[in-house]
Amino acid sequence: MSDVPVNVGHGWRPRVPWLQLTALLIGLWYLALGIAGFVTHGTTIGPDDSRTVWGFANSALLNFWHTLIGLLGVFGAYREGTTRVFGVLTFVGFAGLTAYSILATVLTDQADLANVAASNTWLYGFTALAGLLLAFLPVRQEDPRRRR
């Protein structure tokens, strides 16, 4: 948890650290992307350039993945330990999805059941990098008894 306490009514409690806030924001982004994909395009799979949400290609497989990662991100933001686990899972999952996206966009569109595009590849690559940072970046610990 964050080390700088704030006064909240009946006592002192620590602030939410930036790692947890980042995991929450990633989770909310992917949750919104997954739900919007299900709402706008339903449960279709396969290559189709017309199925996009906010500039990102989607399909039922991607919508399921986005929603799952979104829920994990929201629940993973609860504590620093769960945020670290979310970071590792995010890195591994999105590194694989980035590799798949690169192959699917470069080789052929007909075998792409997930319907990924170049914009998805960039998004997944940056998310994998963010997961790596969430998993291993240290958080500065301060002594709450120290006065400023």
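Everything numeric here is computed off the predicted structure, so don't read it as measured data.

A. Region of interest: the nonpolar core. Counting 22 residues, the largest nonpolar core has Tyr30, Phe94 and Tyr124 as its most contacted members. Elements with a contribution of two residues or more to this core: helix 1 (18–41), helix 2 (60–76), helix 3 (80–106) and helix 4 (118–136). In terms of residue count, helix 1 provides more of this core than any other element does, six residues in total. When neighbours within four sequence positions are excluded, Phe94 is seen to be in contact with Tyr30, Trp65, Ile69, Tyr124, Thr127 and Ala128.

B. Molecular detail of the side chain of Asn120. With respect to the helices and strands, the residue Asn120 is situated in helix 4. The class of Asn120 is buried, set by a relative accessible area of 0%. The contact partners of Asn120, leaving out residues within four places of it in the chain, are Phe56, Ala57 and Leu62.

C. Region of the structure containing the pattern of salt bridges. Per the stated rule, a full pass over the model turns up one salt bridge. Residue Glu80 is joined to Arg84 by a salt bridge in which the shortest nitrogen-to-oxygen separation is 3.0 Å. Of this pair, Glu80 and Arg84 both sit in helix 3, four residues apart, which is roughly one turn of the helix. With a relative accessible area of 17%, Arg84 lands in the buried category.

D. Main features of helix 2. Here helix 2 contains 17 residues, and its C-alpha end-to-end distance of 24 Å stays within 8% of the 24 Å for a straight helix at 1.5 Å per residue. If you follow the buried residues of helix 2, they end up packed against helix 1, strand 4 (56–57), helix 3 and helix 4.

E. Structural view of the packing of aromatic side chains. Within this structure, the stated rule accounts for six aromatic pairs. Joined through ring pairs, the aromatic side chains of Tyr30, Trp65, Phe94 and Tyr124 make up one cluster.

F. Region of interest: the environment of Leu24. With respect to the secondary-structure elements, Leu24 resides in helix 1. Linking Leu24 and Gly70, residues 46 residues apart in sequence, is a C-alpha distance of 8.4 Å. Those residues within four positions of Leu24 in sequence are excluded, and the remaining contacts are Gly73, Val74 and Ala77.

G. Structural detail: helix 1. Between the first and last C-alpha of helix 1 there are 34 Å, a value that for 24 residues agrees with the 34 Å anticipated at 1.5 Å per step. Close packing links the buried residues of helix 1 with strand 3 (52–53), strand 4, helix 2, helix 3 and helix 4.

H. Representation of a nonpolar patch on the surface in the model. On the surface, Trp18, Val88, Phe91, Val92, Trp122, Phe126, Leu129, Leu132, Leu133, Phe136 and Leu137 cluster together to form a nonpolar patch covering roughly 1,100 Å² of accessible area. Elements with a contribution of two residues or more to the nonpolar patch: helix 3 and helix 4. Ranked by residue count, the leading element in the nonpolar patch is helix 4, at six residues. Tracing the chain through its elements places Val92 in helix 3.

I. Region of interest: the packing of helix 3 against helix 4. At a closest axis distance of 7 Å, the pairing of helix 3 and helix 4 adopts a crossing angle of 155°. Accordingly, the angle class assigned to the pair helix 3 and helix 4 is roughly antiparallel. The handedness of the crossing between helix 3 and helix 4 is left-handed. Grouping the constituent residues of the contact of helix 3 with helix 4 by class yields 15 nonpolar, 10 polar and one charged.

Thresholds, definitions, all that
- Chains are numbered independently. Their residues run from 1 in the order of the written sequence.
- Whole-chain, interface and lining totals are the exception, using all residues; otherwise, since this is a predicted model, local features are given only for residues with pLDDT of at least 70 and side-chain atom pairs are given and counted only at 80 or more.
- The basis for every side-chain value is the complete set of non-hydrogen atoms in the structure, without hydrogens or water.
- In this text, buried Ala, Val, Leu, Ile, Met, Phe, Trp, Tyr and Cys residues form a nonpolar core when linked through side-chain atoms within 4.5 Å.
- Exposure classes here rest on a 1.4 Å probe applied to the protein chains alone. A residue is buried below 20% of its type maximum, exposed above 50%, and partly exposed in between.
- Each helix is a run of H or I in the DSSP string that is no shorter than four residues. Each strand is a run of E no shorter than two, and both are numbered from the N terminus.
- Throughout, a contact is declared for two residues whenever any of their heavy atoms are within 4.5 Å.
- The salt bridge criterion pairs a side-chain nitrogen of Lys or Arg with a carboxyl oxygen of Asp or Glu, the two atoms within 4 Å.
- The span one expects for a helix is its residue count, reduced by one, times 1.5 Å.
- Here the aromatic set is Phe, Tyr and Trp, taking the six-membered ring for Trp, and pairing holds for ring centres within 6.5 Å; pairs whose planes are under 30 degrees apart are stacked, those over 60 apart are edge-to-face, and all others are tilted.
- Patch membership is restricted to residues that have no salt bridge and whose relative accessible area is over 30%. Joining uses 9 Å for like charges and 5 Å for the nonpolar side chains Val, Leu, Ile, Met, Phe, Trp and Tyr.
- Each accessible area is a Shrake-Rupley result for a 1.4 Å probe, and residues are judged covered by the shown protein chains and nothing else.
- Axis lines are fitted to C-alpha atoms, over the contacting stretch for helices. Their N-to-C directions set the angle, which ranges from 0 to 180 degrees.
- When describing relative orientation, an angle under 35 degrees is termed roughly parallel and one over 145 degrees roughly antiparallel, while 65 to 115 degrees is termed roughly perpendicular and anything else oblique.
- Here is the rule for handedness: rotate from the far helix to the near one, and if that takes an anticlockwise turn smaller than a right angle the crossing is left-handed, while a clockwise turn gives right-handed.
- Think of it as three bins: nonpolar holds Ala, Val, Leu, Ile, Met, Phe, Trp, Tyr, Cys and Pro, charged holds Asp, Glu, Lys and Arg, and polar takes everything else, Gly as well.

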